[in-house]
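# Residue-level structure breakdown
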Amino acid sequence: MSEDLETLQRRLADFAAARDWQQYHTPKNLAAALSVEASELVEIFQWLTPEQSAKIMTDPASAARVEDEVADVLAYLLQFCGVLGIDAAAALAAKIERNEERFPANRPDRHSPE
């Protein structure tokens, strides 16, 4: 079973504290690190066709790379939220609610991404 976000955030904070890394975990640095890791995830898919990208998890080596980059993105996002006191799950829930109001399922433009 997966650990909850709060537990993962605490583990990340403890990991950083044990290595005296909190001094580097400023909002600016964490936002930059998050961007870099997201770019590394994009790099995996950069030259794949849509069909190849949809099947990437069928290759164990590629799947491992994708999972590692997803983990890096999530780790930096959780650390960023921790430093700024953002409840990531609550922020996401609020955003989903706003999007549900902005883009009702019965509207013609319901497929507009946000």
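The following refers to the structure shown. A quick note: this is a predicted structure, and the numbers were derived from the prediction, not measured. (Residues numbered from 1 in each chain as written. Predicted model: local features only at pLDDT ≥ 70, side-chain atom pairs only at ≥ 80, totals over all residues. Heavy atoms only, no water.)

### Digging into the side chain of Glu-69
- Along the chain, the position of Glu-69 falls in helix H4 (residues 60–84).
- Here Glu-69 is buried and forms no salt bridge, its nearest opposite-charge partner Arg-65 lying at an N-O distance of 6.4 Å. (Helix = DSSP H or I, 4+ residues; strand = E, 2+ residues; numbered from the N terminus. Buried < 20%, exposed > 50% of the residue type's maximum accessible area, 1.4 Å probe, protein only. Lys, Arg positive; Asp, Glu negative; His and termini not counted. Salt bridge = Lys/Arg side-chain N within 4 Å of Asp/Glu carboxyl O.)

### A short note on the layout of surface pockets
- In this structure, the largest pocket spans a volume of roughly 200 Å³.
- Around the largest pocket sit Gln-9, Arg-10, Leu-12, Ala-13, Ala-16, Gln-22, His-25, Leu-78, Gln-79, Gly-82 and Val-83, which together line it.
- When residues in the lining of the largest pocket are grouped by element, the largest group, five residues, is from helix H1 (residues 5–18). (1 Å grid on protein atoms, 1.4 Å probe; cavity = no way out; pocket = protein on both sides within 12 Å on 5 of 7 lines; lining within 4 Å. Points joined across faces, edges and corners; volume = space filled by probe spheres on them.)

### Concerning the packing of aromatic side chains
- Applying the stated criterion across every chain yields a total of one aromatic pair.
- Where Phe-15 meets Trp-21, the ring centres are 5.5 Å apart and the plane angle is 70 degrees; that geometry is what we call edge-to-face.
- Judged by its relative accessible area of 41%, Phe-15 falls in the partly exposed class.
- Lying over the aromatic face of Phe-15, Arg-19 brings its terminal NZ or CZ to 3.5 Å of the ring centre. (Phe/Tyr/Trp six-rings, centres within 6.5 Å; stacked < 30°, edge-to-face > 60°. Lys NZ or Arg CZ within 6 Å of the ring centre and 35° of its normal.)

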